[in-house]
Amino acid sequence: MKILHLSDTHACHHRLYDLPEADILVHSGDFTMTGSENEALDFLNWFCDLSYPHKIFICGNHDDCLYGADINGLDHNVHYLCNSGIEIEGLKFYGVPMFMKDCISNRQNRNYAKIPSDTDVLITHCPAYGILDFDDNINYGSEELLQRIAQINPRLHLFGHIHIQHGLIHNGSTIFSNGAIMNVDYSSLNNANLIEI
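If you're wondering where the values come from, they're calculated on a predicted model, not measured in any experiment.

**Concerning the packing of aromatic side chains**
One pass over the full model with this rule turns up 9 aromatic pairs. Ring geometry for Phe-43 and Phe-57: centres 6.1 Å apart, planes at 70°, overall edge-to-face. Here the residue Phe-43 occupies a position in helix α1 (residues 37-49), and Phe-57 occupies one in strand β3 (residues 54-57), the gap between them amounting to 14 residues. Between Trp-46 and Phe-47, the ring centres sit 6.5 Å apart and the planes meet at 40°, which makes this aromatic pair tilted. In terms of burial, Trp-46 and Phe-47 fall into one category: buried.

Set out below in structure tokens:
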């Protein structure tokens, strides 16, 4: 199965041309820049129109307009995960967004603790501590998320947030993908990560 991973498009999704074919397209958050409803709707229209068999997205810290939103009316093959999961072709996907209200209230750590132990593909916006999370001499990843990943050993962890760390690494049991499309100074676009599992 081929999974195409995007993150941190920041309202520049219309600049993405000739995306490679895949079975599932995943966007791991920050599809808006200012967090406006208009930006979110523009992204959703674009995302729904893409011709991938299955599409999954979560929210990042820029997408606060969707905090607490009940998103209905999406196409049958478009899935919004908000501390929830879905099974597609035998793979169990689970998504944890990154809303600032949750981060400052410690709710985010409780959300990480609730990630099911049988998750195959984990989608978060935040990286795990020490894994493609380093910028400005700081590791921005979550230690709590790192601990949960060590407990469940997903086959794949898809995230973004730290633009300068775009890329893929494999630790022997889990493939980690930082899919940040915008580069560190928002001047150019990185390629999407295509992963086969």
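Having seen the structure, we can now continue with the description.
**Considering the sheet that holds β3**
If you walk across this open sheet you meet the 5 strands as β4-β3-β2-β1-β13, and the pairing is mixed. Two strands bound the open sheet, and with one partner strand each, they are β4 (78-80) and β13 (193-196). Between one strand axis and the next, the sheet turns by 20° as a mean value, whatever way the strands run. Sheet topology places strand β2 (residues 24-27) next to β3; 4 bridges connect them, and they run parallel. Paired with Val-26 across the two strands is Ile-56, which belongs to β3. Packing against the sheet, α1 makes contact with β1 (2-6), β2, β3 and β4, and its axis sits at approximately 155° to β3.

What counts and what doesn't
Along each chain, numbering runs from 1 in the same order as the chain's sequence is written. pLDDT decides what is reported in this predicted model: residues at 70 or higher carry local features, side-chain atom pairs at 80 or more are listed and counted, and totals for whole chains, interfaces and linings draw on all residues regardless. Just so you know, side-chain values use all the structure's heavy atoms and leave hydrogens and water out. When two rings of Phe, Tyr or Trp (its six-membered ring) have centres within 6.5 Å they constitute a pair, described as stacked for plane angles under 30 degrees, edge-to-face for angles over 60, and tilted for the intermediate range. The numbering of helices and of strands both runs from the N terminus, where a helix is a DSSP run of H or I of at least 4 residues and a strand a run of E of at least 2. Relative accessibility thresholds used throughout: buried, under 20% of the residue-type maximum; exposed, over 50%; partly exposed, between the two (1.4 Å probe, protein chains only). If DSSP finds at least two bridges between two strands, the strands pair. Every angle, taken between N-to-C directions, lies between 0 and 180 degrees, and every axis is a line fitted to C-alpha atoms, over only the stretch in contact when it is a helix. Contacts: residue pairs with any heavy atoms within 4.5 Å of one another.

None of this, on its own, says anything about what the molecule does.
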